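Structure at a glance
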Amino acid sequence: MNDIKDEGRWFHATDVIKNPNIQFTYRIPAAFHLKINAVVMLVRNINVEEGLCNGTVGTITLIENNAVWVDKHGNKVKIEPVREEILDCSHAIVASRVGLPLRLAFSFTVHKAQRSTMNKAVINFNSNAFNKTLYYVSLSRVCNINDVYIIHNNESELQKIFKNITINSDVKEFHKKYM
């Protein structure tokens, strides 16, 4: 964000809490600073038919008073504040937040990247949290292998990782049958 020259604007959400003794975790951030050209991700479904789903990534192109315009693969969409409600076990609203359903997304987790296609990816394999499935998910987000950049502190360990990545036999059969 510091490299983006635009001054940007702060966006603050509005909360209504009916029981202050309960801790709430919202997906919509309480406050954040947005700039034109910042990369953002939707944190909830807005319009599934138009592809505005939780996890959708785009770039801020215009900042208005109470909304932003996001470029999602060449399609500009207006993102306005939405209401997020917290319900108790009887489905009564105990808290709500109204704000922009966005988070900065210059980087994000492999789990959040699932079902996404990216032009380029830098993947940090230094984490012990990775397993065979996460290696596959992270490597398969980009269509061209030349656009994947991998970070790892130990080259011999990285070679072991690559040797252990396999294809599930069911996937192989599906591919043979239908592709």
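Residues numbered from 1 in each chain as written. Predicted model: local features only at pLDDT ≥ 70, side-chain atom pairs only at ≥ 80, totals over all residues. Heavy atoms only, no water.

When you go through the chain residue by residue, the secondary structure sums to four helices and twelve strands. Against the compact-globule benchmark of 16 Å for 179 residues, the chain has a radius of gyration of 20 Å, which places it well outside the compact range. Along the longest, intermediate and shortest principal axes, the C-alpha atoms of the chain span 55 × 45 × 35 Å. Looking at the chain as a whole, 31% of its 179 residues are labelled buried. Of the contacts made within the chain by residues no fewer than 6 positions apart, 55% connect residues no fewer than 24 positions apart. As presented, the chain carries roughly 12,300 Å² of accessible surface, and 50% of it is formed by carbon and sulfur atoms. Taking the 22 positively charged and 17 negatively charged side chains of the chain as two groups, their mean positions are separated by 5 Å. (Helix = DSSP H or I, 4+ residues; strand = E, 2+ residues; numbered from the N terminus. Rg over C-alpha atoms; globule rule 2.2 N^0.38 Å. Buried < 20%, exposed > 50% of the residue type's maximum accessible area, 1.4 Å probe, protein only. Contact = heavy atoms within 4.5 Å. Areas by Shrake-Rupley, 256 points an atom, 1.4 Å probe, with all protein chains shown as cover. Lys, Arg positive; Asp, Glu negative; His and termini not counted. Charge placed at Lys NZ, Arg CZ, Asp CG, Glu CD.)

Looking now at empty space enclosed by the protein. All told, the structure shown has one cavity of 30 Å³ or more when counted by the stated rule. Approximately 50 Å³ is the volume found for the largest cavity. Contributing to the lining of the largest cavity are Val 40, Met 41, Leu 42, Leu 52, Thr 56, Val 57, Gly 58, Val 70, Lys 72, Val 77, Ile 79 and Leu 102. Looking at the lining of the largest cavity, the elements that each hand over two or more residues are strand S4 (39-42), strand S5 (57-63), strand S6 (68-72) and strand S7 (75-79). With three residues, S4 is the largest single contributor of residues to the lining of the largest cavity. Grouping the constituent residues of the lining of the largest cavity by class yields nine nonpolar, two polar and one charged. (1 Å grid on protein atoms, 1.4 Å probe; cavity = no way out; pocket = protein on both sides within 12 Å on 5 of 7 lines; lining within 4 Å. Points joined across faces, edges and corners; volume = space filled by probe spheres on them. Nonpolar A, V, L, I, M, F, W, Y, C, P; charged D, E, K, R; others polar.)

Each aromatic ring pair is summarised here by two numbers: the centre-to-centre distance and the angle between the ring planes. As enumerated under the stated definition, the model contains three aromatic pairs in all. Aromatic side chains Phe 174 and Tyr 178 sit 4.8 Å apart centroid to centroid with 40° between the ring planes, which places their arrangement in the tilted category. Residue Phe 174 and its partner Tyr 178 are both found in helix H4 (residues 169-178); the two are separated by four residues, about one turn of the helix. It is Arg 9 that lies over the ring of Phe 11; its NZ or CZ is 4.3 Å from the centre. (Phe/Tyr/Trp six-rings, centres within 6.5 Å; stacked < 30°, edge-to-face > 60°. Lys NZ or Arg CZ within 6 Å of the ring centre and 35° of its normal.)

Turning next to the layout of surface pockets. Taken as a whole, the second largest pocket holds about 440 Å³ of empty space. Lining the second largest pocket are 18 residues, and of these Tyr 136, Thr 166, Ile 167, Asn 168 and Val 171 sit closest to its centre. Secondary-structure elements contributing two or more residues to the lining of the second largest pocket are helix H2 (132-139) and H4. Examining the composition of the lining of the second largest pocket, we find that four residues originate from one element, H2, more than from any other. Taken together, the residues that form the lining of the second largest pocket break down as eleven nonpolar, six polar and one charged.

What follows is about the UniProt feature "domain: DNA helicase Pif1-like 2B" (unreviewed entry) in the chain. UniProt records the feature "domain: DNA helicase Pif1-like 2B" (unreviewed entry) for residues 32-61 in the present numbering. Within residues 32-61, the helical portion is 0% and the strand portion 40%, while the C-alpha atoms at the span's ends are 17 Å from each other. (UniProt positions renumbered as here; feature names shortened; annotations may be inferred.)

Read across the sheet, five strands follow the order S7-S6-S5-S4-S10 without closing on themselves; strand pairing throughout is antiparallel. Edge positions in the open sheet fall to S7 and strand S10 (102-104), since each of these has one partner strand only. Between one strand and the next, the sheet's axes are offset by a mean angle of 45°, whatever the strand orientation. Bridging between S4 and S5 involves three bridges; their strand directions are antiparallel. Following the sheet pairing, Val 39 is matched in S5 by Thr 59. (Pairing = 2+ DSSP bridges. Axes fitted to C-alpha atoms, helices over the stretch in contact; angles between N-to-C directions.)

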